[in-house]
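The residues making up each chain are set out below.
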Amino acid sequence: MSGYDPKAIEAKWQAVWADERTWEVANPGQSGFAQDKPKSYVLEMLPYPSGEPHVGHLKCYAVGDAIAHFRRRHGFEVIHPMGYDAFGLPAENNAIKTGEPPREATERSIESFRRQFREWGISIDWSRELGTHTPEYYRWTQWIFLQLFERGLAYRTEAPVQWCPKDATVLANEQVVDGRCERCGTPVEQRRLEQWFFRITEYADRLLADFDLLESWPEHVITMQRNWIGRSEGAEVTFRCEEADLDFPVFTTRPDTLFGATFFVLAPEHPELERLIAGTPGEGPVREYVNRVARESAEERGDEERPKTGVPLGRSVVNPVNGEEIPMFVADYVLMEYGTGAIMAVPAHDARDYEFARAFGLPIRRVIEGEDPEMARDEDGLPYPGDGPMAGSGRFDGKDNREAYEEIVAWLAEDGRGRSAVNYRLRDWLVSRQRYWGAPIPVVYCEACGEEGAPAIVPVPEEQLPIELPAVEDYAPQGRSPLAAAEEWVATECPRCDGPARRETDTMDTFVDSSWYFIRYLDPRNAKAAWDPAAADHWLPVDQYIGGVEHAILHLMYARFFTKALADLGHLSVQEPFANLFTQGMITRDGAKMSKSKGNTVSPAEYVQRYGADTARTYICFMGPPERGGDWSDEGVEGVNRFLSRLWRLCEEVEGRGDSDLGAAREGCARPLLAKAHWAIDKVTRDFQRGFQFNTAIAAVMELVNEAYRLKDGLYGEPGGAAAVRLATATAASLVFPFAPHLGAEVWQRLEGGRVWEQAWPQADPDLLSSDTVTLVVQVNGKLRDRIEAAADASEAELLELARASEKVRRHLDGKQVVKEIVVPGKLVNLVVR
RNA sequence: GCCGGAGUGGCGGAAUUGGCAUACGCGAUCGACUCAAAAUCGAUUGCCCUUACGGGCUUGUGGGUUCGAGUCCCACCUCCGGCACCA
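A brief structural summary. Because the structure is a prediction, the values reported are computed rather than measured. (Residues numbered from 1 in each chain as written. Chains lettered and ligands numbered in written order. Predicted model: local features only at pLDDT ≥ 70, side-chain atom pairs only at ≥ 80, totals over all residues. Heavy atoms only, no water.)

With that out of the way, let us pick up unusual backbone geometry. Apart from glycine, the bulk of residues carry a negative phi angle, and the bulk of peptide bonds sit in the trans form. Of note, the bond from Leu382 into Pro383 is cis; its omega dihedral lies within 30 degrees of zero at -5°. Checked against the element boundaries, Pro383 lands in the loop between helix 11 (351-360) and helix 12 (401-414). In this chain, Leu465 is followed by Pro466 through a cis amide linkage whose omega measures 0°. Of note in this structure, Phe692 is not a glycine but carries a positive phi near 60°. One non-glycine residue, Asn781, lies in positive phi territory at about 50°. Residue position: Asn781 is located in the loop between strand 29 (773-780) and strand 30 (783-791). According to the relative accessible area criterion, Asn781 is partly exposed, its value standing at 44%. (Helix = DSSP H or I, 4+ residues; strand = E, 2+ residues; numbered from the N terminus. Buried < 20%, exposed > 50% of the residue type's maximum accessible area, 1.4 Å probe, protein only.)

Around RNA strand B lies a shell of 58 residues, among which Thr253, Lys308, Arg352, Arg787 and Asn830 are the nearest. For RNA strand B, the backbone portion of the atoms within 4 Å of the protein, that is sugar and phosphate, comes to 63%. Here a phosphate oxygen of RNA strand B sits 3.5 Å away from a polar atom, N or O, in the side chain of Arg628. Side-chain polar atom of Glu703 to a sugar or linking oxygen of RNA strand B: 2.8 Å apart, as the coordinates give it. Sorting elements by how many residues they give to the surface near RNA strand B places helix 23 (residues 694-715) first, with 7 residues. (Near = heavy atom within 4 Å. Polar contact = N/O pair within 3.5 Å; in protein donor to acceptor, adjacent residues only side chain to side chain.)

A separate point is helix 7 (residues 219-229). The complete set of buried residues in helix 7 reads Val221, Ile222, Gln225 and Ile229. With its buried residues spanning 100° around the axis, helix 7 presents them on a single face. For helix 7, the exposed residues set more than 90 degrees away from the buried face come down to Glu219 and Asn227. Of the surrounding elements, those touching the buried residues of helix 7 are helix 6 (204-209), helix 17 (554-568) and strand 25 (581-584). Directly beyond the C-terminal end of helix 7, a positive phi value near 55° is found at Gly230. (Arc of directions from axis to C-beta. Contact = heavy atoms within 4.5 Å.)

Before going further, it helps to examine the sheet that holds strand 2 (residues 77-79). Taken in spatial order, the 4 strands of this open sheet run 2-1-24-25, and their pairing is parallel. The open sheet terminates on both sides in strands that have one partner only, identified here as strand 2 and strand 25. When strand polarity is set aside, the average angle formed by the axes of neighbouring strands in this sheet is 20°. (Pairing = 2+ DSSP bridges. Axes fitted to C-alpha atoms, helices over the stretch in contact; angles between N-to-C directions.)

Here we come to the sheet that holds strand 29. Ordered by their spatial adjacency, 4 strands build an open sheet running 30-29-32-31, and the pairing between neighbours is mixed. Edge positions in the sheet fall to strand 30 and strand 31 (818-824), since each of these pairs with one other strand and no more. Within this sheet the neighbouring strands show an average axis-to-axis angle of 20°, counted without direction. Both strand 31 and strand 32 (residues 828-833) contribute to a ladder of 6 bridges, which runs antiparallel. Across the sheet, residue Ile822 finds its bridge partner in strand 32, namely Asn830. The strands touched by helix 27 (residues 796-805) are strand 29, strand 30, strand 31 and strand 32; relative to strand 31, the strand with the most contacts, the crossing angle is about 120°.

With their axes 8 Å apart at the nearest point, helix 3 (residues 89-98) and helix 4 (residues 102-120) run at an angle of 130° to one another. As far as their axial angle goes, helix 4 and helix 3 are oblique. You can see that helix 3 and helix 4 cross each other, and the crossing is right-handed. Contacts between helix 3 and helix 4 involve Ala91, Glu92, Asn94 and Ala95 from the first element and Pro102, Ala105 and Thr106 from the second. By residue class, the composition of the contact of helix 3 with helix 4 is 4 nonpolar, 2 polar and 1 charged. (Parallel < 35°, antiparallel > 145°, perpendicular 65-115°, else oblique. Left-handed = near helix turned anticlockwise from the far one by under 90°. Nonpolar A, V, L, I, M, F, W, Y, C, P; charged D, E, K, R; others polar.)

Counting across every chain of the model gives 54 aromatic pairs. Taking the centre distance of 5.0 Å and the plane angle of 65° together, the rings of Tyr436 and Tyr475 count as edge-to-face. In this pair, Tyr436 sits in the loop between strand 18 (432-433) and strand 19 (443-451) while Tyr475 sits in the loop between strand 20 (454-459) and helix 13 (487-490), placing the two residues 39 residues apart along the sequence. As far as the burial class goes, Tyr436 and Tyr475 line up, both buried. Geometrically, the ring pair formed by Trp516 and Trp531 is tilted, given 6.1 Å between the ring centres and 45° between the ring planes. Residue Trp516 is located in the loop between helix 14 (510-513) and helix 15 (517-520), and its partner Trp531 is located in the loop between helix 15 and helix 16 (533-539); the two are separated by 15 residues in the primary sequence. Taken individually, Trp516 and Trp531 each receive the classification buried, so the pair is uniform in this respect. Taken together, Phe145, Phe149, Trp196, Phe198, Tyr203, Trp429, Phe511, Tyr558, Phe561 and Phe562 form an aromatic cluster joined through their ring pairs. Lying over the aromatic face of Trp679, Lys676 brings its terminal NZ or CZ to 4.0 Å of the ring centre. (Phe/Tyr/Trp six-rings, centres within 6.5 Å; stacked < 30°, edge-to-face > 60°. Lys NZ or Arg CZ within 6 Å of the ring centre and 35° of its normal.)

Turning our eyes to something else, we now look at the environment of Thr106. The topology assignment puts Thr106 in helix 4. Between the C-alpha atom of Thr106 and that of Ser50, which follows or precedes it by 56 residues, the distance is 6.8 Å. If we skip the residues at most four places from it in the chain, Thr106 touches Pro49, Ala86, Ala91, His133 and Trp437. Of note is the side chain of Thr106, whose polar atom sits 2.7 Å from the backbone oxygen of Pro102.

Read these as layout, nothing more, since geometry by itself doesn't imply function.
Right, here's the structure in full:
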């Protein structure tokens, strides 16, 4: 007898799957299209190919693969593709450091990922493989950009960006760590630069409303997105500055507190600030303050703890509800990005305004009665953010503030001083990067077509796509995109007037690439279109999406936005890309997040080498509920390896035994083992359906294998005994196949012949699930006193009689009176005594 | 501060509809096999009292509902994640 040899078994089946292209599926209209099968699109988030795959990848693809196999064996035609999110910073930073072109490092990493995915035995349709960095792919990323541009959903405007003065480059928000440049540690500054945006804010309401269209998403992901979009209902109210002849609209969620406004604050970046102060005595200090704020990092500015700062403008605005003139300030606690960049300050009912008023000696006027001891900072009980009756608000006095809210808004709306309004925290998506390793933005700038000295933005015609990335020598950005150095590439002809024009040198955020890859998988070799609508109609939406929760907001919301925009443009017929979402938890080691610097990383390749992919995959699924994290344990891996080895030994032992009389097994003493097998079928099936409870599913297969071990030696001599052990072993193989596909396939082939993945998922036999007898639990006053075997169909009276007959029960009834009898048929009897 | 999630043996975790708390795995102890070790197989393993039979206690803390609560309700504590000067 040879031992369990995962290397040989795994290589054998991987070769079969590769040679026979087992997991490839055809599109509608292609030969081999499965017309009569329902489809299922199972998708894991595509990897970012940098270095080698880590254990998080293994978990994601092990979980997704288990789901894919489970669905296939339930009769679904499963599409399960793979690709690489290949543009982005690690390859580029490596290029800056070593001079190696990003494409080379990326291709090397992709090769490693591809090889390991095969070694893991993931059931991928390799005919659909793609990389977002190939011209065949980013050609269509550029096409989508143009589609959005035509529709007005892509636009260029000046915006504040994060700037690293040392590296002389714009940084993505993700590259700013604690207010410093990720690469060199220099504190970042804010600058205003022309940038490209996608108008995701136009979809804010639909992104909120269409949560209803989703079948099953984790509640916390929906909540996180909802908070990120941050919809607030309130009013826009206009305050007028007569001296400067300017109107200042503000957004407020508390129009009921308008009478309590005692000052007015502009954000330091407010565009009208310069006009307001030009030529006034306060000009100097205001400029000085604004400049100081501009140098602050986002981190510093966002600190709620630090004292409020600001400078008076020497100007005032009129409060539209009472005609009162209130002074204007500039202060950095007001943000330009939210609302209108200006606020009415109501210190009595807003903690921040209160703090500012205290610091600057400004009046605080209560307009709502009430007190919140948690919030109150003075003997008047202010600030008070809650509800209550109105005061100091003219004709609204005494009214409930929620009622007055509506009346005040309606009253202001009569003569245009205000209106009800909705505001979002969500901002438009800044997609341009002054970076090399990304998809070039497909527009050119033409002076001749422009007006008033500003060049025209001319989209590149679709038939000229892709705009390929030029080769450059130096990948380090120096205040402009590295692409700007490719002068021959930059200088081009205007598609509109054929005159000289310059190419856009910014590239797109990599999140753009990954916002539509799941559609390209459906038609990945199409050279005439991004996808064939028939293919998209057939396969979309993704039935099950699997990935890390770290993408709960950005990637998932961008992909939802793209889907909606593309549907509006007539290219898709679904509103939501991912019907069901599963977010897997992070694996830690020694209780800490894995990192190279801590030296606590787990290399999947090492474990696959030592124990085989089946062990590594099954262990990951057994660690705990996959949506939760878990701490890696080498002993745990050994335990799972022991389990698979036991299954293997069982197979070898029973393989040579010819007994196949299952009928005899069923009626004889082998019945309990058959019953255990069917119990396991039922358990694993339900655990899959109940939110992928793989840990308990695997535990059930372990129980089945343990039971077979316990019973086998006693069964071999009995009629049908060996047949029962064989069935139990084959069933265990069949059930473990989604986690340990190689071993599952091998054991099945040896015992039953044929291919386990072509077998329908087993069905539990109800007759074997039920038993003639049940264990009756007997309690006295709710405490367990005895367990009695009882007939499953015994009546309540019979059960009571059995319970009272028990010696152990009697002992606790002695000298007491039974005041109540609870009988749960088939389960328990509880006698209440006094 | 706001919004989510979680607290169960020495450890990871199980308990599906309010009904046997601690499945399965790890670790530990003992035994078989062996010259020996590894591997493997078998047994024991929540805590306390008891030689035993048996009894008591136990799901973060405190209360409540119920014949019966890990599960439901109220209050609180701790940890993790997200957002955060968002008007």
